[in-house]
Amino acid sequence: MIRSVIIDDEPLAINVIESYIGKINIIENIKSFTNPLEAFSFLQKEKVDILFLDINMSELSGLDLLKTLFYSPVVIITTAYQEYALESMEYNVIDYLVKPISFERFLKSINKYTNLRNPEITERIPNTVAESNQFITVKENKRQVNIDYADIYHIECIRDYVKIHANSKTVVTKTTLTAIEESLPENEFIRIHRSYIVAINKIETFSQVDVEVNGLKIPIGATYKSPVLKRLNFYFN
Amino acid sequence: MQMDQTLFFSAKHRLLRHILFWVLFVLLYTFAYGLMNFEFKKKFLHTLLLLISLVPATYFSIYILLEKILFNRKYLLFIALFLISASFFTLVYLLVEQYIIMPYLYGVKNSFFEFYVVAFIRVYAVVVLAAFAKIIKNEIEIRNINQQLTQKNLESELKFLKGQIHPHFLFNTLNNIYSLSLGKNPEISTSILKLSELLKYMLYKTQSKFVMLSKEIELIRNYIALERLRHSENLSISFDIKGSIDKQQIAPLLLLPFIDNAFKHGVRESNPNNWIVVFMEVINDTIKFSVENSAQTIKHSANFEENKGIGLENVKRRLDLLYQGDYSLEIKEGEESFYIKLIIETQNFKSQ
């Protein structure tokens with residue numbers, strides 16, 4: 001278990017890091033401090049693996065206090081300043097995070113640590129972020145169903161429901177077409193009609209009024225016509 | 001291509017240019033006059049001897065009269081010195097003609113003394129030509145300097161504005177708001193992150209002359225995502241990309257003004273059918289970027305017309321400065337839509 005301590009004079013900033021750490025199994029935050037002096041007297045007695053340190057705290061430069069420690073924990077600097085990135089290399093600083101920090105960026109920096117300490121690490125950090133999710137998850141009849149993007153031909157909307165036509169199956173779920181549209185990658189799917197979304201790579205032919213997918217002719221809505229035709233021309237010419 | 005041109009006109013190649021000029025002159029004159037009675041060899045020597053008065057006249061006129069006096073706006077001095085030097089060099093020409101060319105080349109003594117004015121024209125026709133070239137070169141230099149000054153002006157204005165922003169306060173505050181939204185509203189959280197990325201980009205990335213194209217694209221996506229929040233269902237906006245975007249570089253914030261323009265002028269809440277399409281196609285070192293938005297059916301006052309121009313004017317200036325001959329910008333304003341297409345060659349800047 002990786003042990004960490006957070007030092008930052010802004011409590012809300014501490015909350016962010018604590019909440020991120022809460023999502024990662026292999027790291028545990030021992031304590032958080034807004035007062036750097038308290039933090040360092042704590043660190044004299046307790047050894048930790050990672051120190052999350054804000055270097056622009058009002059009273060002291062966090063880096064100076066590092067010198068007083070009898071051991072050097074790995075330091076990950078968090079700050080609102082972009083410009084300090086180069087200075088801190090001597091203090092065992094392995095990463096520099098500029099606030100606000102996204103969870104993905106945070107995860108990257110934990111990975112840097114595990115790669116450093118244990119290159120053959122067997123326990124992988126759970127990927128809670130959908131960085132390269134290739135599927136959509138919907139609820140059908142109270143069951144979760146995953147459908148790969150690559151399998152989807154087209155999606156149509158029938159009153160309160162949305163019907164997803166895919167390779168191996170057809171899934172019906174209660175949601176709006178707009179909600180589905182928002183969760184799909186925008187460069188792989190195109191909404192051509194109030195009631196229809198089509199997978200771009202499944203389009204066989206198209207005309208001024210409709211699009212052919214899997215042998216089916218799907219109409220292009222009047223209000224969608226201009227932008228949709230322009231996009232189709234871009235992709236297919 | 002643009003690089004080759006400036007090389008030719010640089011100081012290093014000046015000797016070459018001048019030699020070229022005189023060689024051409026001699027050949028041209030010899031040929032032109034020789035045609036009259038086919039005495040090419042005599043005409044060649046004649047022309048060479050002409051150079052005795054012609055060359056000093058030219059260089060005196062260009063490097064002293066023009067450069068040191070006229071360009072320094074000493075007009076009276078210029079006129080005075082011009083009259084004196086013109087008389088002098090014409091006289092030299094006539095003497096050479098009378099005492100060297102005529103007797104030795106044509107074996108004529110006491111030949112007719114050309115009219116002074118005609119002699120003057122003979123000599124100064126060439127001088128004027130050279131002076132013309134000099135003036136053009138000067139104009140181009142002035143224009144370049146002006147452009148650079150304008151750019152420097154804009155840069156220092158920008159630096160000043162940035163100095164007012166206090167990034168430390170700004171990003172800490174954004175982080176605090178982000179913290180408050182965590183776990184409660186994912187849409188707020190992502191929007192704050194996107195806004196922060198956008199601001200970081202504008203504060204820091206704009207300091208470099210060029211950025212990775214992929215970073216600029218990320219910026220555009222963030223910007224579009226944030227704009228989406230401002231508009232409801234009646235706006236459809238897409239950003240489609242073709243080609244590989246990993247290697248190219250581009251000047252930062254070059255493309256954003258076009259999209260910004262589309263939002264400002266292409267979207268009206270009263271219109272149920274707003275749309276904006278953004279396309280980028282990358283083929284090796286050529287970047288083709290186009291933005292088209294649905295046109296306004298309601299034309300506003302004069303203000304509307306003006307505002308449309310200003311942002312685009314700035315971009316055009318930047319394009320001229322950074323990409324000179326390597327870009328093309330097409331703007332089409334139609335009944336149905338407003339369309340811009342920008343094509344840039346990034347090749348010359350690969351090494352940056």
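Up top is the structure these notes are about.
Predicted model only: the values in this text are computed from it and were never measured. (Residues numbered from 1 in each chain as written. Chains lettered and ligands numbered in written order. Predicted model: local features only at pLDDT ≥ 70, side-chain atom pairs only at ≥ 80, totals over all residues. Heavy atoms only, no water.)

A. Representation of the packing of aromatic side chains. Within the structure shown, the criterion is met by 22 aromatic pairs over all chains. Aromatic side chains Phe258 of chain B and Phe289 of chain B sit 6.5 Å apart centroid to centroid with 50 degrees between the ring planes, which places their arrangement in the tilted category. In this pair, Phe258 of chain B sits in helix H9 (residues 256-266) while Phe289 of chain B sits in strand E5 (residues 286-294), placing the two residues 31 residues apart along the sequence. Judged on exposure class, the residue Phe258 of chain B and its partner Phe289 of chain B are both buried. Among the aromatic side chains, those forming a connected cluster through ring pairs are Phe21, Trp22, Phe25, Tyr29, Tyr59 and Tyr63 of chain B. The ring centre of Tyr153 of chain A lies 5.5 Å from the NZ or CZ of Lys202 of chain A, which sits over that ring. Sitting above the plane of the Phe234 of chain A ring, Lys242 of chain B keeps its charged end 4.7 Å from the centroid. (Phe/Tyr/Trp six-rings, centres within 6.5 Å; stacked < 30°, edge-to-face > 60°. Helix = DSSP H or I, 4+ residues; strand = E, 2+ residues; numbered from the N terminus. Buried < 20%, exposed > 50% of the residue type's maximum accessible area, 1.4 Å probe, protein only. Lys NZ or Arg CZ within 6 Å of the ring centre and 35° of its normal.)

B. Representation of the interface of chain A and chain B in the model. The interface is formed by 29 residues belonging to chain A together with 30 residues belonging to chain B. Taken together, both faces of the contact between chain A and chain B bury some 2700 Å²; the carbon and sulfur share is 57%. The partner of Glu292 of chain B in a salt bridge is Lys230 of chain A, and the shortest N-O contact between them spans 3.1 Å. Taken together, the connections running from chain A to chain B amount to 15 residue pairs in polar contact (both at pLDDT 80 or more). Broken down by secondary-structure element, the contributors of at least two residues to the side of chain A that touches chain B are helix H1 (11-22) and helix H6 (225-236) of chain A. Among the residues making up the side of chain A that touches chain B, the classes are represented as 13 nonpolar, 10 polar and 6 charged. (Contact = heavy atoms within 4.5 Å. Buried area = accessible area lost by both parts, 1.4 Å probe. Salt bridge = Lys/Arg side-chain N within 4 Å of Asp/Glu carboxyl O. Polar contact = N/O pair within 3.5 Å; in protein donor to acceptor, adjacent residues only side chain to side chain. Nonpolar A, V, L, I, M, F, W, Y, C, P; charged D, E, K, R; others polar.)

C. Region of interest: helix H2 (residues 36-45) of chain A. Residue and element names in this part refer to chain A. Listed in full, the buried residues belonging to H2 are Pro36, Ala39, Phe40, Phe42 and Leu43. Along the long axis of H2, the arc covered by the buried residues comes to 155 degrees, so they all point the same way. With a side-chain oxygen positioned 2.9 Å from the backbone nitrogen of Leu37, the residue opening H2 is Asn35. (Arc of directions from axis to C-beta.)

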